[in-house]
Amino acid sequence: MSKAPVQIIMGSRSDWPAMQSAIEPLQALKVDYATSIVSAHRTPQRLYTFCRQSESDGTRVIIAGAGGSAHLAGMAAAMTWLPVIAVPMPSKYLKGVDSLLSMVQMPKGVAVATQAIGEAGAYNAGLLACQMLALSDPALQQRLIDWRRAQTDSVAEDVQ
């Protein structure tokens, strides 16, 4: 497993089209990341091993995307002290609302920072991971401040 500070995990390859949005702010702010498939239901031992290794390999934040019953983020959060950011995936029948509700209804004592469904949530998960890391990295903090300033400056003041 990579020693990147941000680990992006997802339940299956079908989650990648939405989850790849998480890498945009990470790349823009020059934060290392790694991606892997870790299914809470189909590869529980892989999830267990991932969580154990993450605690000692330099991982600082885990971003977990999953759909349907969406147990990946909650199970990861239950198995590690590292912060976990959840991204609900859109689903065929309930459009991801099932995933969202599963992720936000964590029991007391198992914290998961749940984002919006799909690409916007994945993007914001990457950004939130950068914000978390910036708390102890002055250079990243400055890049984040500059990024925010550029975002603000890109908004026109009038319609013409």
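Further up the page is the structure itself.
Residues numbered from 1 in each chain as written. Predicted model: local features only at pLDDT ≥ 70, side-chain atom pairs only at ≥ 80, totals over all residues. Heavy atoms only, no water.

Q: Before we go on, may I ask you to explain the overall build of the chain in this structure?
A: The helix and strand inventory of the chain stands at 7 helices and 5 strands. Counted from the first residue to the last, the chain has its helices and strands arranged as β-α-α-β-α-β-α-β-α-β-α-α. A globule of 160 residues ought to have a C-alpha radius of gyration of about 15 Å, and the chain, at 16 Å, matches this closely. Overall, the C-alpha framework of the chain stretches about 50 × 40 × 30 Å when taken along its three principal axes. Counting across all 160 residues of the chain, residues that qualify as buried make up 44%. Carbon together with sulfur atoms contributes 55% to the accessible area of the chain, which is approximately 8700 Å² in total. (Helix = DSSP H or I, 4+ residues; strand = E, 2+ residues; numbered from the N terminus. Rg over C-alpha atoms; globule rule 2.2 N^0.38 Å. Buried < 20%, exposed > 50% of the residue type's maximum accessible area, 1.4 Å probe, protein only. Areas by Shrake-Rupley, 256 points an atom, 1.4 Å probe, with all protein chains shown as cover.)

Q: Whenever I open this one, the sheet that holds strand β5 (residues 113-114) confuses me. Can you help?
A: Hydrogen bonds between backbone groups are what pair the strands of a sheet, and the pairing can be parallel or antiparallel. Taking strand neighbours across the sheet as the criterion, the 5 strands line up as β2-β1-β3-β4-β5 in an open arrangement whose pairing is parallel. With one partner strand each, in any of the chains shown, β2 (33-37) and β5 form the two edges of the open sheet. Across 2 bridges, the pairing between strand β4 (residues 84-88) and β5 is parallel. Following the sheet pairing, I85 is matched in β5 by A113. (Pairing = 2+ DSSP bridges.)

Q: Explain the packing of helix α3 (residues 44-54) against helix α4 (residues 72-79) to me, please; I cannot follow it from the model alone.
A: Helices that pack against each other are described as a pair by the angle of their axes relative to one another and the distance between those axes. Here α3 crosses α4 at 45 degrees, and the two axes come no closer than 9 Å. When the axes of α3 and α4 are compared, the pair comes out oblique. In terms of crossing hand, the pair formed by α3 and α4 is right-handed. In this structure, α3 uses L47, Y48, C51 and R52 to contact α4, whose residues at the interface are L72, M75, A76 and M79. For the contact of α3 with α4, the residue count by class is 7 nonpolar, no polar and 1 charged. (Axes fitted to C-alpha atoms, helices over the stretch in contact; angles between N-to-C directions. Parallel < 35°, antiparallel > 145°, perpendicular 65-115°, else oblique. Left-handed = near helix turned anticlockwise from the far one by under 90°. Contact = heavy atoms within 4.5 Å. Nonpolar A, V, L, I, M, F, W, Y, C, P; charged D, E, K, R; others polar.)

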